Each structure stands twice: as structure tokens, then as C-alpha cells.
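Summary of structural features
The primary structure of each chain is shown beneath.
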Protein chains: 2
Amino acid sequence: MNMKINVGIVGYGNLGKAVEQSVLSNSNLNLIAIFSRRMIKSKFNTKIEPYESFKNYSGKIDIMYLCGGSKSDLEVQTPEILELFDCINTFDTHKKIQTEFNKVDELAKISKHRLIMSCGWDPGIFSVIRGMFLAIGKTMPNTFWGKGISMGHSDAIRRVSNVIDGVQFTIPNKEAVKLAKTGNLPEGMPKHFRECFVLTDKNNETEVEYEIKNIPNYFKGEPTKVNFVESLELLKLKNKMFHKGEIISNFKTIHGTKNKMQFSVSMDSNPNFTAYIMLAYTNAVINLKKKNKTGAFTCLDIPISYLFVGKEKDNLLNIIC
Amino acid sequence: MNMKINVGIVGYGNLGKAVEQSVLSNSNLNLIAIFSRRMIKSKFNTKIEPYESFKNYSGKIDIMYLCGGSKSDLEVQTPEILELFDCINTFDTHKKIQTEFNKVDELAKISKHRLIMSCGWDPGIFSVIRGMFLAIGKTMPNTFWGKGISMGHSDAIRRVSNVIDGVQFTIPNKEAVKLAKTGNLPEGMPKHFRECFVLTDKNNETEVEYEIKNIPNYFKGEPTKVNFVESLELLKLKNKMFHKGEIISNFKTIHGTKNKMQFSVSMDSNPNFTAYIMLAYTNAVINLKKKNKTGAFTCLDIPISYLFVGKEKDNLLNIIC
């Protein structure tokens, strides 16, 4: 158990940086290199390599943290890296998760590696809780996000013509949260407010606002406010890293008695919290490898005991039961 | 997937009755018989058999819900029943869990059966959450119970000489909960108040109160109030089935940012809620059997995907991710 695990990081944005510092503070992990398309220097003097160099590290790195974005990086990088290394990623395009899972599961089995996929807070530990609540209460729980930036909604804004840049804050509807807690949330009641901050050419604000508010699956039918801001203010807003989330289940048993289950997280920094989740699931990769299991796994496939190794694992029933 | 699972219940107290009604309302389960030392009639006309008759049901029952008490029933009954059936129990004597686990794990492997052990809310799903919070935040979360009856503390009261009967309500210290939520709970601050209701011979109240307040591991050092009541009032209090619990984790990452994770349950009826947890883990037994796995398992060993079967399992990533 005293052998250090050699790890690498692919992608050096906010998440990559958060993972770097988390790894450096973990005495079981040995950070070999960070692979990035942009050759930024590391504050901690970690070796930075161009992305393609990952191929030269076969046998020198055990586990790769894939810290690219879901929008374009992860679908391309995960298959490439998985050919040579065990991996953990945070793939979070909800609609594509099943298709992506099937693809990488097959690849991981061929290359005899393991991937923990969609390993963040949502999807990730929130998926675990929704599954637990659904299995126990036989009703789908309500999830509320925010206040915090939604990457998916921000991307949707940026795809609108004449939008130079933008960001979207998801804000839970307090009234809806309250009703969910008493089990009385009416079907169709808006669960969130969406506040958008947009940088655009001055002359088409009315059109841009109309277009944003009518993007299907993202804004249409949801209370949305569009604010037009200057580039400096937008930059400041885009750096807000705080976020929150809450899952609420309210159900009656067949005996007629009421039950409530609630789960919530709040964080100053989304990437720092996500990095800690990725690090926690590092032990899952180690345990899967010990059992000679290969393939793709989501947090739903990982028993909590797999998040521990060594003495802590052996003693787990005494520690946390 | 359309084959019904044949199940039985051992023990016909509050939990056994709650499980009975839950099973009857579940279209995937077929309740064959209830095994009880006391021959009480079932409101639902379920077949009630004397305890020893379980031996005649080998091959006719797939899964047994063991609904006896942890204090004396489960340690004896689990090994006996496990020789012939897959089982789920709610063994909750925290200090004995590891020893009990080792014993029944060996027996289950010999008889080629599966046992989900300690499958309630605490231990059970609370163990899962404590494990998740510990793995992510690297600090032990705080658990608060109540207001609700503690079986262990009530048993401890009843062992005091001259006590005829008694019950103990655990009440969380609101101030401690508040401090835990901000990450400032001081070491050693009492997390709970303990309110005892005791029926005793009239003349020795002072001694009884002194003895109760000094029971080590249960009351000594914890704020405890002892009330002496009449038998009718005690009976009413002993029938209070509501309970609550909360787990709070508050941690800073190495980057200096703060994070909070919280999990809470509240229920009108402890046995009804516990029955729903046991039913949720029925699918885990089915999935373990499909994979030819035998032995004892706690909720910590069961991935959430194992709580689903059939179409729901195949479609899980789309449903809850």
C-alpha cells in the first residue's frame, strides 16, 4: 500500500489546476506531468507537456485525470488516452451520457483499462443520491441547482448570433424548493430562474434577448432575465466559481406515513470541489484494477467501500457504520 | 424479469408488519409466509408459521427479510436462516458490526447465499453517506439523530435495577447542529440531549436517576433528563415512531475554498421507512445472485446501480444521470 500511484492531468484550465494542487497535497499520489494544448507554466513547477506527448508516458503514468471540457475535448480525448491509461473524467453532457458510456466501455475493455466517467458532483455524486432516493421512495426526487454558473446554458447563449460572449447563472426558485420540501411541488412549476449576462454588438439587443429566451430545452418556458454588460464586467462574472445544489425527495409509504430525504452541497469553488471528488474516486480505479475489472464505470457502479484502500478499507465498518 | 420473487419475513413486530404491507404492495414480490415465535394473526391474511418452520420452506422462498431485534434475535437467527435462504437484516449494534460481519460472511459463503447486513437508515444509507463524505472531504462528518427513540439507549435504561420499563428520546443539540453547519463545532461539545421516561418502583427514583445518568457510553457526560411516568403514559411514548437524522460535512480544500455537504432524513414511522430501504436492497440480492456472488454485504459494498433491475437498470444513465 505504500507504493505511490503515478498520475497525470490532461487539460490545464480551472479544473486541471484544481486537480494539480489536490494531487500535490496527497501523499499517495505522484504527479508526473500535465498535458495541455496551451503551454502555460505551472505555479508549482509541474512538468507541462504538449497534449500529444501523452503517448510517451505509457507505463510511467497509472491514472490520468481528464480535465478538458465536455463540449468538445472529452469525447475526443477520452478514447485516445484510454488506450494507454486508466482514466477519470467529468463528462457532463446529460443527453449523451449513455451513448458515450457504451462507446468508451467497449474501448476500455479492448485496451484493458478502467474509466470512471461523469465523476463530478452532477452528474456524479448527485446521480448516486438520485438513484438512492428513487430506489427507496419509488418517486423521482427534485433537483435544484444554484446559485451558480451553468456551463451548458452559457454555451447555449454563446451560440446565438451577434453574441460575443455570455454567462448564465442558475438560481433556484425558492418557492418551488419550499413546495418540494413539503411534497407539494406542482407539475410544470418553474424550478429555476435563469439570469444571463451578455456581451453583444450594441444595436441588436432586442433580437438577442428574444432569441436567448426562446432557445428550446434551455430557456424557453423558464423565467429568464437577460442583462447586457461590458466586457470587463462579464470577465468578472465568468470568474465566479461558487455553486450549490440540492436534491429533495418527499414520499408517502403504502402505510400512509410521510418521509423526507434531502441532500445538498454548496461550494466556494466548483472546480476545487470537483477535483476532490475525482481524487476520491482514484481509489475506485485502484480497487477495480486489483479485481482485474476493466471497462467504463459511472459513480452508480462504484460501491462506497471502493473509495477506500489499505487500513481504512479494512477497518471501514468500525469507522463509518 | 417478469418472474415474481418469493419472499418471507422472520419476526412479526413493528418492522415485520411494515415489511409485510410493503411487500404486498410490490408487484414483483410474492409473500409466502411470516415466521414468528408469537402466533399473531395477520390483518392481511398472510400465512403465519412458527419460527422453526422456516426449514420446510427451502426452495419455496428466495429472500428472507429478517425483522427481529439486534439485541438478541438477529445474531442467532441470521446464521440459521442464511443456511437456506438469501437474507436482508438490519443488524444495528454498531460495536459488533465487524465481528458479526466476519461470522455471517463466512457462513453465507459456505451455504452459497447472500446477506445484505445492517440494511436500515443508520447503519445503512447513513453509512453510505458518511463514507462518501469522508472519502471526498477527508474529514469525518458529524451525525445528529432525533428527535426520536433510540433503541440502544432505551435498552440500557431497562437494564438498570428497579427499572420496570423505559424509553429514551434522542434530541439533537440545535446549537451544535448550527455550529457543525458552519464548520465550527468544538471538540467535546454535547451533540445530543437525552430525555428518558422511566417506570420504576416509587421509592428509589433518586438512585435510578443517578444510575441512568452514569451509564458509560450511553449517558455519562451527555445532558440527560430522567422523567418518571405511569405505565399508560409510557406505553403511549413507546409507540412514537417518528425519527430524524442528519449528516453534516464541512471542509476546506487545499486551495482554501469552503465546501458543505448535508444529508438528512425525517420520517413519521421509523419501521415503515426502514421497510422501504430493505425493499430497495431486494434488487441488490437479485443482482448479486445473477453475478454468482455469495457472502455478506453491507450497503457500503453495494453500488447504487444494483438497486435496479430490468428496463430501469438498462436505462439508468438516462433516468438519473
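Residues numbered from 1 in each chain as written. Chains lettered and ligands numbered in written order. Predicted model: local features only at pLDDT ≥ 70, side-chain atom pairs only at ≥ 80, totals over all residues. Heavy atoms only, no water.

1. Observations regarding the overall build of chain A
The cut-off we apply is this: Secondary structure counts use DSSP, requiring at least four H or I residues in a row for a helix and at least two E residues in a row for a strand, with both numbered from the N terminus. For this measure, only C-alpha atoms enter the radius of gyration; the expected value for a globule follows 2.2 Å times N^0.38, where N is the number of residues. Contact criterion: two residues are considered in contact whenever any of their non-hydrogen atoms come within 4.5 Å of each other. Accessible areas in this description were obtained via Shrake-Rupley with a 1.4 Å probe; residue shielding takes into account the shown protein chains only. Residues scored as positive are Lys and Arg, those scored as negative are Asp and Glu, and His as well as the terminal groups of each chain are ignored. All charge positions are set by atom: Lys at NZ, Arg at CZ, Asp at CG, Glu at CD.
Scanning chain A for helices and strands turns up 12 helices and 14 strands. The globule rule puts the C-alpha radius of gyration for 321 residues at 20 Å, and the 21 Å found for chain A is close to it. Counting only contacts in chain A whose residues sit at least 6 apart along the sequence, the fraction spanning at least 24 positions is 67%. Accessible area for chain A stands at about 14,400 Å²; split by element, carbon and sulfur atoms hold 50% of it. Looking at chain A, you have 43 positive and 32 negative side-chain charges, and the mean spots of the two groups are 6 Å apart.

2. Here's the deal with the interface of chain A and chain B
Often, the extent of an interface is quoted as the loss of accessible area on bringing the components together. Quick reminder of the rule: Here the quantity called buried area is the total loss of accessible area, with a 1.4 Å probe, experienced by two parts when brought into contact, counted for both. Counted as a polar contact is a pair of N or O atoms within 3.5 Å, where, for protein atoms, one must be capable of donating a hydrogen and the other of accepting one, and residues adjacent in sequence contribute only when both atoms are in side chains.
Facing 61 residues of chain A, the contacting portion of chain B comprises 61 residues. For the pair chain A and chain B, the summed buried surface comes to about 5,700 Å²; carbon and sulfur atoms form 66% of the total. Summed over the three residues of chain A that lose the most area to chain B, namely Tyr276(A), Leu317(A) and Cys321(A), the buried surface amounts to 12% of that side. Counting the contacts that link chain A with chain B gives 24 residue pairs in polar contact (both at pLDDT 80 or more). It is helix H4 (residues 125-137) of chain A that provides the largest number of residues to the side of chain A that touches chain B, a total of 11 residues.

3. Quick word on helix H4 (residues 125-137) of chain B
As a reminder, the rule being used: Here a helix's expected span is defined as the number of its residues, less one, multiplied by 1.5 Å.
For H4(B), spanning 13 residues, the distance from its first C-alpha to its last is 18 Å, which sits close to the expected 18 Å at 1.5 Å a residue. Positioned one or two residues after H4(B), Lys138(B) has a phi angle of 60 degrees, which is positive.

4. Things to note about the sheet that holds strand E2 (residues 29-36) of chain B
Residue and element names in this part refer to chain B. Stated precisely, the cut-off is as follows: Strand pairing is assigned whenever DSSP identifies at least 2 bridges connecting the two strands. Axis geometry follows a simple rule: fit a line to the C-alpha atoms, using only the stretch in contact for helices, then measure angles between N-to-C directions, giving values from 0 to 180 degrees.
Sheet architecture is open: 7 strands sit in the order E3-E2-E1-E4-E5-E6-E14, paired in parallel fashion. The open sheet has two edge strands, strand E3 (48-50) and strand E14 (295-297), and neither has a second partner. Within the sheet, the average angular offset between the axes of one strand and its neighbour, ignoring direction, is 25 degrees. When strand E5 (residues 86-89) meets strand E6 (residues 114-116), the two strands line up parallel, connected through 2 bridges. Within E6, the position partnered with Cys87 by the bridge is Leu115. Across the face of the sheet, helix H9 (residues 270-280) comes into contact with E2, strand E4 (63-66) and E5 while running at roughly 155 degrees to E4.

5. Observations regarding the packing of aromatic side chains
Filter applied, for reference: Think of it this way: a Phe, Tyr or Trp ring, Trp meaning its six-membered ring, pairs with another when their centres are within 6.5 Å, and the plane angle makes it stacked under 30 degrees, edge-to-face over 60, tilted otherwise. The criterion is that NZ of a Lys, or CZ of an Arg, lies within 6 Å of the ring centre and within 35 degrees of the ring normal, and then a charge sits over that ring.
Considering all chains together, one arrives at 19 aromatic pairs over all chains under this definition. Centroid distance Phe126(B) to Phe263(B): 5.6 Å. Interplanar angle 75 degrees. Geometry classified as edge-to-face. Of this pair, Phe126(B) sits in helix H4 while Phe263(B) sits in strand E13 (residues 258-267), and the two are 137 residues apart along the sequence. Pairwise contacts between aromatic rings join Trp121(A), Phe126(A), Phe133(A), Phe263(A), Trp121(B), Phe126(B), Phe133(B) and Phe263(B) into one cluster. The ring of Tyr12(A) has Lys17(A) sitting right over it, with the charged end atom 5.7 Å from the ring centre. Lys60(B) extends its terminal NZ or CZ atom over the ring of Tyr57(B), reaching a point 5.7 Å from the ring centre.

6. Describing the relation of the copies chain A and chain B
Here the two chain copies are tied together by a rotation about an axis and a shift along that axis. For the record, the criterion: Copy-to-copy alignment: least squares on C-alpha atoms, limited to residues at pLDDT 70 or above in both.
Superposition record for chain A on chain B: RMSD 0.0 Å, screw rotation 180 degrees, translation along axis 0.0 Å. Taken together, the rotation and translation describe the operation of a two-fold axis. A shared binding surface is used by both copies, with 100% of the interface residues of chain A retained as interface residues in chain B.

7. Thoughts on the pattern of salt bridges
Residue and element names in this part refer to chain A. Threshold: We define a salt bridge as a side-chain nitrogen of Lys or Arg found within 4 Å of a carboxyl oxygen belonging to Asp or Glu. We call a residue buried when its accessible area falls under 20% of the maximum for its residue type, exposed when it is over 50%, and partly exposed in between, using a 1.4 Å probe and counting protein chains only.
For the coordinates displayed, the defined rule picks out 24 salt bridges over all chains. A salt bridge links Arg114 to Asp86, with the shortest nitrogen-to-oxygen separation between them at 3.1 Å. Taken as a pair, Arg114 in strand E6 (residues 114-116) and Asp86 in strand E5 (residues 86-89) lie far apart in primary sequence, 28 residues in all. Across the pair, exposure class does not vary: Arg114 and Asp86 are buried alike.

8. Focus on the pairing of E13(B)
Residue and element names in this part refer to chain B. Most of E13 is tucked away: 8 of the 10 residues are buried. Two elements, strand E12 (residues 243-252) and E13, share 10 bridges in a ladder whose sense is antiparallel. When the sheet's bridge partners are listed, Phe251 is paired in E13 with Asn259.

9. Focus: the side chain of Asn259(A)
Residues and elements named next belong to chain A. Position of Asn259 relative to the elements: it lies in strand E13 (residues 258-267). Look at Asn259 and you get buried, because its relative accessible area is 1%. For Asn259, the side chain forms a polar contact with the main-chain oxygen of Thr257, separated by 3.3 Å.

10. Describing the sheet that holds strand E9 (residues 163-172) of chain A
Strand pairs in the sheet, formed through backbone hydrogen bonds, run parallel or antiparallel to each other. All names here are of chain A. Pairing is mixed in the open sheet, where 4 strands are placed in the order E8-E9-E10-E11. Strands at the two margins of the open sheet, each flanked by one partner only, are strand E8 (148-149) and strand E11 (224-228). Both strand E10 (residues 192-200) and E11 contribute to a ladder of 5 bridges, which runs parallel. Residue Phe197 lies in a different strand from E11, and its bridge partner there is Asn227. Where helix H8 (residues 231-238) meets the sheet, it contacts E8, E9 and E10, and its direction lies at approximately 45 degrees from that of E9.

11. Re the packing of helix H1 (residues 14-24) of chain B against H9(B)
All names here are of chain B. Which entries qualify depends on this criterion: By definition in this entry, angles of less than 35 degrees are roughly parallel, angles greater than 145 are roughly antiparallel, angles of 65 to 115 are roughly perpendicular, and the rest are oblique. Handedness of a crossing is defined here by the sense of rotation of the near helix relative to the far one, left-handed for an anticlockwise turn of less than a right angle and right-handed for a clockwise turn.
Running from N to C, H1 and H9 cross one another at 55 degrees; their axes reach a closest spacing of 8 Å. In terms of axis orientation, H1 runs oblique to H9. With respect to the hand of their crossing, H1 and H9 are arranged in right-handed fashion. Contacts from Asn14, Leu15, Ala18, Val19, Ser22 and Val23 of H1 reach H9 at Pro271, Asn272, Thr274, Ala275, Tyr276, Met278 and Leu279.

12. Some remarks on unusual backbone geometry
Note that the residue after Gly146(A), namely Lys147(A), is joined by a cis bond; omega there is 5 degrees. Inspection of the secondary structure puts Lys147(A) in the loop between strand E7 (142-145) and E8. Asp122(B) connects to Pro123(B) through a cis peptide bond whose omega is 0 degrees. Assignment of secondary structure puts Pro123(B) in the loop between E6 and H4. With phi around 60 degrees, Lys112(A) is a residue other than glycine that occupies positive phi space. You can see Lys112(A) is positioned in the loop between helix H3 (97-110) and E6.

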